[in-house]
Amino acid sequence: MTTNSAPTTALTHIAQLVTNDPSLGEGPLGLIRDAAVVIDGDRIAWVGPSGNAPATDNAVDAGGRAVIPGFVDSHSHLVFAGDRTEEFNARMSGRPYSAGGIRTTVAATRAAGDDVLRANVARYLAEGLRQGTTTQETKSGYGLTVEDEARALRIAAEQTDEVTFLGAHIVSPDYADDPAGYVDLVTGPMLDACAPHARWVDVFCEKGAFDGDQARAILTAGAAKGLVPRVHANQLGHGPGVQLAVELGAASADHCTHLTDADVDALAGSETVATLLPGAEFSTRATWPDARRLLDAGATVALSTDCNPGSSFTSSMPFCIALAVRDMGMTPDEAVWSATAGGARALRRTDVGRITPGARADLALLDAPSHVHLAYRPGVPLVSAVWHKGVLV
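Just so it is clear, the model here is predicted, and its values are computed rather than measured. Within each chain, residue numbers correspond to sequence positions counted from 1 in written order. For this predicted model, a pLDDT threshold of at least 70 governs which residues receive local features, and a threshold of 80 or more governs which side-chain atom pairs are given and counted, while totals over whole chains, interfaces and linings are taken from all residues. Values shown for side chains rest on all heavy atoms present in the structure; no hydrogens or waters enter the calculation.

**Things to note about the overall build of the protein**
Each helix and strand counted, the protein has 13 helices and 16 strands in total. If you line up the protein on its principal axes, its C-alpha atoms span 70 × 45 × 45 Å. For every residue, the accessible area obtained with a 1.4 Å probe (protein chains only) is divided by the maximum for its type, and the residue is called buried under 20%, exposed over 50%, and partly exposed between those limits. Among the 393 residues that make up the protein, the fraction classed as buried is 57%. For the protein, restricting intrachain contacts to residue pairs at least 6 apart in sequence, the fraction spanning at least 24 positions comes to 70%. In this tally, Lys and Arg are treated as positive and Asp and Glu as negative; His is ignored, and so are the chain termini. Working definition for charges: the position is that of NZ of Lys, CZ of Arg, CG of Asp or CD of Glu. One way to put it: in the protein the 30 positive side-chain charges average out to a point 2 Å from where the 46 negative ones average out. A run of H or I in DSSP counts as a helix once it spans at least four residues, and a run of E counts as a strand once it spans at least two, with each numbered from the N terminus. By definition in these notes, contact holds between two residues if any of their heavy atoms fall within 4.5 Å.

Structural data, given as structure tokens:
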């Protein structure tokens, strides 16, 4: 089966279509049963009942299977070399996770050539795409020198539009005895070199990384250069990250594992999305984020993979959906929304994460009659076809 980007294409006989537009169908997911979608170029041109589909140049019979928006993975760390198999094995044998293991990846990434890093990014993007991820954010953060952070962002920007400057991942080993000097480097020469290649600025606000004052200085400097803040917040313990994210109007506070009532209220009363990363808790045997608490308070929740070699080496959004439903108190509907529309909110995108006229034609065809099977059949490769920007990939 082939498609051409110029002709129109109809996907018909879709058992359940998740549009994420309540005005188009049932409930928050905007479910349409026995549905069709028309793709024109890289955009959605029409959605509705299969029997009402307009004539098109090509047709694809979904055969009673479900179609969902392409996943929007709003948090990953793909520019790296090496892996941390030994660390993972040791941790699964009883050693707890801490932020310090990042230094292992920093050494390997600095030593790697551009071609190695470029190939790794392409590999993990392709891996995610096969599993339905059509929009992917990724970060720097494994270089921690001006040159290495800038090249990480250049390499990332070749392959995705959603690029985040994370020079403030940990204090560089080169500045172990001078963390204030490293903050000066991040907010000065490093930011100057990196800002042209990024859309976002992020900081790991955590014990063992950066405290609240340091994080504020870094995010404020990034914002002055036109970068929008995101924050690694409250993963390893209670701290100021969530409150800082809300105060600075960050697009997202990511992890949100250890929250006070005030943190939950702050997120619920703001536009800052709480991005939950269950792969990290799975891979570190840590406390699960309480998605139910956030959702019941009215916070906007996104799900993401946190794909990285240390604490969450998975590119599978379906896996994260299954974890969120099983261990974080989410319903299957909520988890699918958070992995699509929620991720789009976390990236402040209105053109992805939904299947509505005018949206980008990013769709995943499931080898199942319902999106609920993503949680119902964990570990099974249910994504059988993916359209990215209107092209069957």
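**Things to note about unusual backbone geometry**
One non-glycine residue, Asn 234, lies in positive phi territory at about 60°. Residue placement: Asn 234 occurs in the loop between strand E10 (231-233) and helix H7 (241-247). Within the chain, His 255 stands out as a residue other than glycine whose phi angle is a positive 100°. Position of His 255 relative to the elements: it lies in strand E11 (residues 252-255).

**Looking at the packing of aromatic side chains**
Two rings belonging to Phe, Tyr or Trp (six-membered ring only in the last case) form a pair when the distance between their centres is within 6.5 Å. Interplanar angles under 30 degrees mark stacking, angles over 60 mark edge-to-face geometry, and anything in between is tilted. Across all of its chains, the model carries seven aromatic pairs by this definition. Two thresholds decide whether a charge sits over a ring: the Lys NZ or Arg CZ must be within 6 Å of the ring centre and within 35 degrees of the ring normal. Directly above the ring of Trp 200 sits Arg 230, whose terminal nitrogen or CZ lies 4.3 Å from the centroid.

**A word on empty space enclosed by the protein**
Unoccupied space between atoms shows up once a probe the size of one water molecule is rolled over them. Grid points spaced at 1 Å over the protein atoms alone were grouped into cavities, where a 1.4 Å probe fits but cannot get out, and pockets, open sets with protein on both sides within 12 Å along at least five of seven lines, with lining residues defined by an atom within 4 Å of a point. Grid points are joined across faces, edges and corners, and a volume is the space filled by probe spheres set on the points. For the structure on display, the rule yields two cavities of 30 Å³ or more. By volume, the second largest cavity amounts to about 30 Å³. Around the second largest cavity, the lining residues are Thr 109, Arg 110, Tyr 142, Gly 143, Asp 148, Arg 151 and Ala 152. For the lining of the second largest cavity, the secondary structure elements donating two or more residues are helix H2 (102-111) and helix H4 (146-157). For the lining of the second largest cavity, the element with the highest residue contribution is H4, accounting for three residues. Among the residues making up the lining of the second largest cavity, the classes are represented as two nonpolar, two polar and three charged. Note on residue categories: nonpolar means Ala, Val, Leu, Ile, Met, Phe, Trp, Tyr, Cys or Pro, charged means Asp, Glu, Lys or Arg, and polar means any other residue, Gly included.

**Observations concerning the packing of H4 against helix H5 (residues 179-194)**
Angles shown run from 0 to 180 degrees and are taken between the N-to-C directions of axes, each axis being a line fitted to C-alpha atoms and, for helices, limited to the stretch in contact. Remark: H4 packs on H5, axes separated minimally by 9 Å, with the N-to-C direction vectors making an angle of 40°. Regarding the angle of H4 to H5, the classification is oblique. Seen along the crossing, H4 lies across H5 with a hand that is right-handed. Here H4 contributes Val 146, Glu 149, Ala 150 and Leu 153 to the contact with H5, which in turn contributes Leu 185, Pro 189, Met 190, Ala 193 and Cys 194. Its residues placed into classes, the contact of H4 with H5 shows eight nonpolar, no polar and one charged. Note on terminology: angles under 35 degrees are roughly parallel, angles over 145 are roughly antiparallel, angles of 65 to 115 are roughly perpendicular, and the others are oblique. What makes a crossing left-handed is the near helix being turned counterclockwise from the far one by less than a right angle; a clockwise turn instead makes it right-handed.

**Section: the pairing of strand E14 (residues 363-366)**
A two-sided burial pattern is seen for E14, the buried positions comprising Leu 363 and Leu 365 on one face and Ala 364 and Leu 366 on the other. Here a strand pair is declared whenever DSSP counts at least two bridges between the two strands. The pairing of strand E4 (residues 58-69) with E14 spans three bridges and is classified as antiparallel. Counterpart to Val 67 in the pairing with E14 is Leu 365. Relative to strand E15 (residues 383-388), E14 is paired through four bridges, and the arrangement is antiparallel. Across the sheet, Leu 366 pairs through a bridge with Val 383, a residue of E15.

**Notes on the layout of surface pockets**
Roughly 330 Å³ of volume is contained in the largest pocket. What lines the largest pocket is a set of 17 residues, and nearest its centre among them are Trp 337, Ala 341, Ala 344, Arg 345 and Arg 349. The residue makeup of the lining of the largest pocket, split by class, is seven nonpolar, five polar and five charged. The space that makes up the second largest pocket amounts to roughly 240 Å³. Considering the residues around the second largest pocket, the lining is formed by 14 residues, among which Thr 134, Gln 136, Gln 159, Thr 160 and His 388 are closest to the centre.

**Re the pattern of salt bridges**
Salt bridges are counted wherever a side-chain nitrogen of Lys or Arg sits within 4 Å of a carboxyl oxygen of Asp or Glu. Inspection of the entire model under this criterion finds 21 salt bridges. When the shortest N-O distance is used, the salt bridge between Asp 148 and Arg 151 registers 3.1 Å. Separated by three residues within a single helix, Asp 148 and Arg 151 lie in helix H4, roughly one turn from each other. The exposure class of Asp 148 is buried, given its relative accessible area of 14%.

**Let's talk about the sheet that holds strand E2 (residues 32-40)**
With respect to topology, seven strands assemble into an open sheet ordered E3-E2-E1-E4-E14-E15-E16, the strand pairing being mixed. Each edge of the open sheet is held by one strand with a lone partner, namely strand E3 (43-49) and strand E16 (391-392).

Keep in mind that these numbers describe shape and distance, not what the molecule does.
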